[in-house]
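Working through the structure, step by step
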Amino acid sequence: MSSHAAVGECRPTSLGQARAALEALGGIVPSGRGGGSPAVGALESGPVSDDADLFEDPTGGLLRRVFGRASVLIVLALAILALIAGRSLWWGDGVLFGGALLPAPAGASDLWGAYLEVWHDVGPGSTVPAAPLTALIAALSTLLLGKASLAVAIALFAAVPLAGLSAWRSLSGLVESRGVRAWASLTYALMPALAGSLAGGRLGTLVAIVFLPLAARATIRALGWGRGVLPAPTGRTAWGAALLIAIVTAGAPIAWIFALLGATAAVVAMALRHGGVGDAHGPVAFVGVRALVVVVVPLLLLLPWSLYLLTHPTLFLGDLGLPDAALSDPAATPYGVALLHPGGPGMVPLWVTVGVVAAALAAPLRQARRPVVLAAWGVALVALVLGVATTRVLVTVPGASQPQPVWPGMAVAIAGAALILAAAIAGDGLRRTVSSEAFGWRQPVALVAIALAVLTPIAAGILWLPGAGDPLRRGDPSVLPPFVVAEAVGPQAPRTLVIRQDGDVTYALINGAGPQLGDGEVLPPAQVWDPLDELVGGLVSGRGGDEVVGLASYAVRYVVFDGATTEGAGASLVRTLDAAPGLRRIAGQDGEVLWKVDGDTARVQIADADGGVSPVAVVDIATAQPLVSDEVSVSGPGQLHLAQSADSVWQARIGSTPLPVASDVDDLQRFDIPATAIVGDPLVVEVDGGSRVLWLWVQVIALVVVIVLALPGRRRVDDDDVAADEDAAPAPEPELVGGPS
């Protein structure tokens, strides 16, 4: 016999290998024996020694324990659904952008820079505080090894399954039935408000919807509304609620308004219950302190952005991201909002959510659960009223040339969560209650409501499968030719004016390669754009004035028309721009025409006493710290021209001598150069970021303190050696922070 044959006889057969694989799998996924019995392989071949019972399977049925959890199955089902519905978003070339979502920058450092700096190269320059949402995405990008685009994709993809998981966790203790909790979680994750946020690229609203159930549960506990249903609040509960509310407010500022209303209602209700405020150690005072924490601490955590919101209160109604009137539905109706449809892209038919509303309407019929159901209905009615009201107002947001309708997505999401909660609480244990009662009209009503409610997540999921995008998409967001981009990121950093005509004429002032994630939240106020509005209006009207000269003072070197040029209003506008004095067409094709502005265009220039102008190279256009570090090219007297909106943060000096701000220009930043300046003197132009640094330190300290106060306290055990008495009543957990609940 050959050696090969001898070895072959010792090798296991294919059948033996398959059996070994099945036995190994059986050790991971054991048979359905009770949790108290030893784990035994699913393919047990026969009786074994009694001593074998002493050796339990170390795997413990890992797959069974993981995939046997309803929460895991819900997250897995929603993740698969999101993967299929967003298949055009997760794969392909380019980056995600569209709607309110701007393209992600190259790395996490760019996002951190956008958040930390006091000045932003957006439009004609902005000192609006960066939104904390930028810091959240930057932190996620850092965890993903600096991949900002991947962080955005994961945040968008995970929004739906995480919303379902958040709803599932928030119902713990409120709803015992796993089936009802699963229905509530799936319905919440597939609400039209969430689908519309995803389709419209509203990243902030998605973050807010994901954390909303957890924030609502913590707030209810902290304000004492969950007594008898939720665990009793401790001194740490209010701090945890404040932290969650801060995250929700960072994504959707209107959520803070609801927190304020809820805290006020809790204090008033407690005062009415006890016949007044009472003493400083009474229950009203304790609820008042917790309400103060829930309302004020989120504002401290979001400084200085929250201060900017308070001084511009209309921004509480808006969304984060790039303002776009096309994302809102100007024809939104009250009955559409009442059916939980905020309007805009990504909406399903109105009949899909009828089941949720019907189940919530039938919920008060459950007499034993009526107080909690009516409380949920109260929240829903307030949210619906505010949602309907916002559709009837127009708000002028930064970066928008005209007032725009408000998208009521977050208000509708809060209303939807409240209605789902009312239906879930009423539906918990409904089968036992109905079966124990005599047959009457309640049984048919309950049956119809249940059937319609179950249909809602099924229909929403099926209708979502064809696609989750539009206008959100993956591709190349650049509208500028490569040579224009190359000049824009060069030492003179010129700008490009992009003009579009879709009914009304709109424009965008492009810095560098184009806007990036985080720029939409720091757009300058409307008054900063007024001079540019006048210049662009005169340019497209064909007046033939000095509009091009005015645009050159904003460092506009190129003008691009982005739209159809063969016929209609687009062709007429192209002819008008061709005839504008100071514009020279250098390229043109259907869909894009490019003109160049005659004369000198640069971000920083020095004008001498004779009227001559010489450009100055910029060093760091992203942070402006410093913007210029060069030598004076002409002798004084003269003037230093910055193509940036005038702001007190700008500083300039020659050597150690600060330059005074010129008094003859109001719109753009100018400095007077003294007659003592000579060629070769060192020139520095920068912004003063001291105030931003101070605010950031306040924010960091507040965040650390709140996290420490919100962390659960360590349980104290008197004697670890004493066996626990199962019949004894559990000892109350000591309150480590705060007063009595």
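Residues numbered from 1 in each chain as written. Predicted model: local features only at pLDDT ≥ 70, side-chain atom pairs only at ≥ 80, totals over all residues. Heavy atoms only, no water.

**Re the packing of aromatic side chains**
We apply this condition: Each Phe, Tyr or Trp ring, with Trp reduced to its six-membered ring, pairs with another whose centre is within 6.5 Å; inter-plane angles below 30 degrees give stacked pairs, above 60 give edge-to-face pairs, and intermediate values give tilted ones. Counting from the N terminus, the helices are DSSP H or I runs at least four residues long and the strands are E runs at least two residues long. Buried means the residue's accessible area, taken with a 1.4 Å probe over protein chains only, is under 20% of the maximum for its type, while exposed means over 50%, and partly exposed covers the values in between.
Taken as a whole, this structure holds five aromatic pairs when the rule is applied. Relative to W650, the ring of W119 has its centre 5.3 Å away and its plane inclined at 65 degrees; by these criteria the two rings are edge-to-face. Note that W119 is positioned in the loop between α6 (108-116) and α7 (132-143) and W650 in strand β14 (residues 650-654), a separation of 531 residues in sequence. The class of W119 is buried, set by a relative accessible area of 2%.

**Let's talk about the sheet that holds strand β10 (residues 604-608)**
This is how it is decided: Pairing between strands is defined by DSSP: at least two bridges between the two strands are required. Between N-to-C directions, angles span 0 to 180 degrees; the directions come from axes that are lines fitted to C-alpha atoms, helices contributing only their stretch in contact.
The four strands lie next to each other as β11-β10-β13-β16, forming an open sheet whose pairing is antiparallel. Only two strands of the sheet have a single partner each, and these edge strands are β11 (613-615) and β16 (668-673). For this sheet the average axis-to-axis angle between neighbouring strands, irrespective of direction, equals 25 degrees. In terms of strand pairing, β10 meets strand β13 (residues 638-645) through five bridges, oriented antiparallel. Residue pairing for β13: A607 is matched across the bridge by Q639.

**Things to note about the environment of G512**
Along the chain, G512 turns up in the loop between β6 (504-510) and α23 (526-541). Residue G512 is classed as buried on the basis of its relative accessible area of 15%. Distance from G512 to A488, taken between C-alpha atoms, is 4.7 Å for residues 24 residues apart in sequence.

**Quick notes on a nonpolar patch on the surface**
Under the convention used in this document: Excluding any residue in a salt bridge, patches collect residues exceeding 30% relative accessible area, merging like charges within 9 Å and nonpolar Val, Leu, Ile, Met, Phe, Trp and Tyr side chains within 5 Å. With residues, only the protein chains shown are counted as cover, and all accessible areas are computed by Shrake-Rupley using a 1.4 Å probe. In what follows, salt bridge is the name for a side-chain nitrogen of Lys or Arg lying within 4 Å of a carboxyl oxygen of Asp or Glu.
Taken together, the side chains of W351, V354, V448, I450, L452, V454, L455, I458, I462 and L463 present a nonpolar region at the surface, about 860 Å² in accessible area. Here the element with the most residues in the nonpolar patch is helix α21 (residues 442-464); it accounts for eight residues. Along the chain, I458 falls in helix α21.

**Remarks on the pairing of strand β17 (residues 682-687)**
Of the pairings in the sheet, the one linking strand β12 (residues 628-631) to β17 comprises four bridges and is antiparallel in character. When the bridges of β17 are listed, E631 appears paired with P682. Bridge count between β14 and β17: five bridges; the pairing is antiparallel. Residue pairing across strands places W650 opposite V687, the latter belonging to β17.

**Considerations on unusual backbone geometry**
Of note, the bond from L303 into P304 is cis; its omega dihedral lies within 30 degrees of zero at 0 degrees. Counting through the fold element by element, P304 comes out in the loop between α14 (283-301) and α15 (305-311). In this model, Q625 is joined to P626 through a cis peptide bond whose omega is -5 degrees. Within the secondary structure, P626 is located in the loop between β11 and β12. Positive phi values are uncommon outside glycine, yet A493 reaches one of about 50 degrees. Within the secondary structure layout, A493 lies in the loop between α22 (482-488) and β5 (495-502). Backbone geometry at A624 places phi at a positive 60 degrees, although glycine is not the residue there. A residue is classified by how much of its surface remains accessible, and A624, at 0% relative accessible area, is buried.

**Side note on the sheet that holds β17**
Strand order in the open sheet formed by four strands is β12-β17-β14-β15, and the pairing between neighbours is antiparallel. Two strands lie at the open edges of the sheet, namely β12 and β15 (657-658), each paired on one side alone.

**Topic: the packing of α14 against helix α26 (residues 690-710)**
This is how it is decided: An angle below 35 degrees is treated as roughly parallel, one above 145 as roughly antiparallel, one from 65 to 115 as roughly perpendicular, and anything else as oblique. Pairs of residues are marked as contacts when any of their non-hydrogen atoms sit within 4.5 Å. Three residue categories are used. Nonpolar comprises Ala, Val, Leu, Ile, Met, Phe, Trp, Tyr, Cys and Pro, charged comprises Asp, Glu, Lys and Arg, and polar comprises the others, including Gly.
It is at 8 Å that the axes of α14 and α26 come closest, and there the two elements cross at 135 degrees. Between α14 and α26, the interaxial angle falls into the category oblique. Contacts between α14 and α26 pair V297, L300 and L301 from the former with Q699, A702, L703 and V706 from the latter. Taken together, the residues of the contact of α14 with α26 sort by class into six nonpolar, one polar and no charged.

**A few points about the packing of α6 against α7**
To be explicit about the condition: Left-handed describes a crossing whose near helix is turned anticlockwise from the far helix through less than a right angle; right-handed describes the clockwise counterpart.
In contact at an axis separation of 9 Å, α6 and α7 are set at 155 degrees when each is read in the N-to-C sense. By the angle between their axes, α6 is roughly antiparallel relative to α7. Pair α6 / α7 crosses with left-handed handedness. Along its contact with α6, which presents A108, L111, W112 and Y115, the element α7 presents P132, T134, A135, I137, A138, A139, S141 and T142. For the contact of α6 with α7, the class distribution of residues is nine nonpolar, three polar and no charged.

**Digging into the nonpolar core**
For clarity, the threshold we go by: We define a nonpolar core as any set of buried Ala, Val, Leu, Ile, Met, Phe, Trp, Tyr and Cys residues linked to one another through side-chain atoms lying within 4.5 Å.
The biggest cluster of nonpolar side chains holds 131 residues, and the ones touching the most others in it are L156, M410 and W464. Top contributing element to this core by residue count: helix α19 (residues 409-427), with 14 residues. Once you skip the residues sitting within four places of it in the chain, L156 turns out to touch W90, L96, L101, L198, L203, L206 and L472. I499, L509, L532 and W595 belong to the second-largest nonpolar core, a separate cluster that totals 26 residues.

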